[in-house]
Amino acid sequence: MNFARKAAAGVAAVTAFGIPSAVAEPGAVKQGWSGFGGAPAQGEECQDSSDPGLTAKVLASPEVAQARQIAPGEGPTTRAADDIDLKRPAMHTTGTVGDDEKIIVLLTLEPEKTPWETAAKRTTAITKMLDRVTG
């Protein structure tokens, strides 16, 4: 869900959180969240914009083949699905800082009923701290 959709859904939009708001020189950034409200309105759902041909080309690349040798993945998990917390809201911010000299990965699991703004502010504050202590 993007910020415009959250604003349209009656949730105050935060223009940015985490890395884009916390560091002086954000690089490539990926952020996400879950559990902060209902699904987007009908017709506002995210659309798959991937190019199947490009996806197939990337998956067939030597880099992906090498990555699969290093980390082939795991077979079926023995962990019960009931052990995974899908009730509490989650927020994450990951990416590079500066000229890709630093990578920040922050994954949060918030207390139930945490408002979006509270989680966004907390995620940004923790990201600032991580950036500062990692020099």
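The structure contained in this document is the topic of the report that follows. Here the structure is a predicted model, which is why all the values come from computation and not from measurement.

1. Some remarks on a nonpolar patch on the surface
Taken together, the side chains of Ile 103, Val 105 and Leu 107 define a hydrophobic patch exposed on the protein surface, amounting to about 340 Å² of accessible area. In this fold, Ile 103 is placed in strand S3 (residues 102-109). What makes Ile 103 exposed here is its relative accessible area of 64%.

2. Some points on a negative patch on the surface
A contiguous patch of negative charge, built from Glu 25, Asp 99, Asp 100 and Glu 101, is present on the exposed surface. Residue placement: Asp 99 occurs in the loop between strand S2 (90-97) and S3.

3. Topic: helix H5 (residues 116-133)
For H5, spanning 18 residues, the distance from its first C-alpha to its last is 26 Å, which sits close to the expected 26 Å at 1.5 Å a residue. Considered for burial, the residues of H5 that qualify are Trp 116, Ala 119, Ala 120, Thr 123, Thr 124, Thr 127 and Asp 131. With its buried residues spanning 130° around the axis, H5 presents them on a single face. Seen from the buried face of H5, the exposed residues on the opposite side, beyond 90 degrees, are Lys 121, Arg 132 and Val 133. Positive phi appears at Gly 135, one or two residues downstream of H5, with a value of about 55°.

Analysis parameters
- Residues numbered from 1 in each chain as written.
- Predicted model: local features only at pLDDT ≥ 70, side-chain atom pairs only at ≥ 80, totals over all residues.
- Heavy atoms only, no water.
- Patch = residues over 30% accessible without salt bridge, like charges linked within 9 Å, V, L, I, M, F, W, Y side chains within 5 Å.
- Areas by Shrake-Rupley, 256 points an atom, 1.4 Å probe, with all protein chains shown as cover.
- Salt bridge = Lys/Arg side-chain N within 4 Å of Asp/Glu carboxyl O.
- Helix = DSSP H or I, 4+ residues; strand = E, 2+ residues; numbered from the N terminus.
- Buried < 20%, exposed > 50% of the residue type's maximum accessible area, 1.4 Å probe, protein only.
- Lys, Arg positive; Asp, Glu negative; His and termini not counted.
- Charge placed at Lys NZ, Arg CZ, Asp CG, Glu CD.
- Expected span 1.5 Å × (residues − 1).
- Arc of directions from axis to C-beta.

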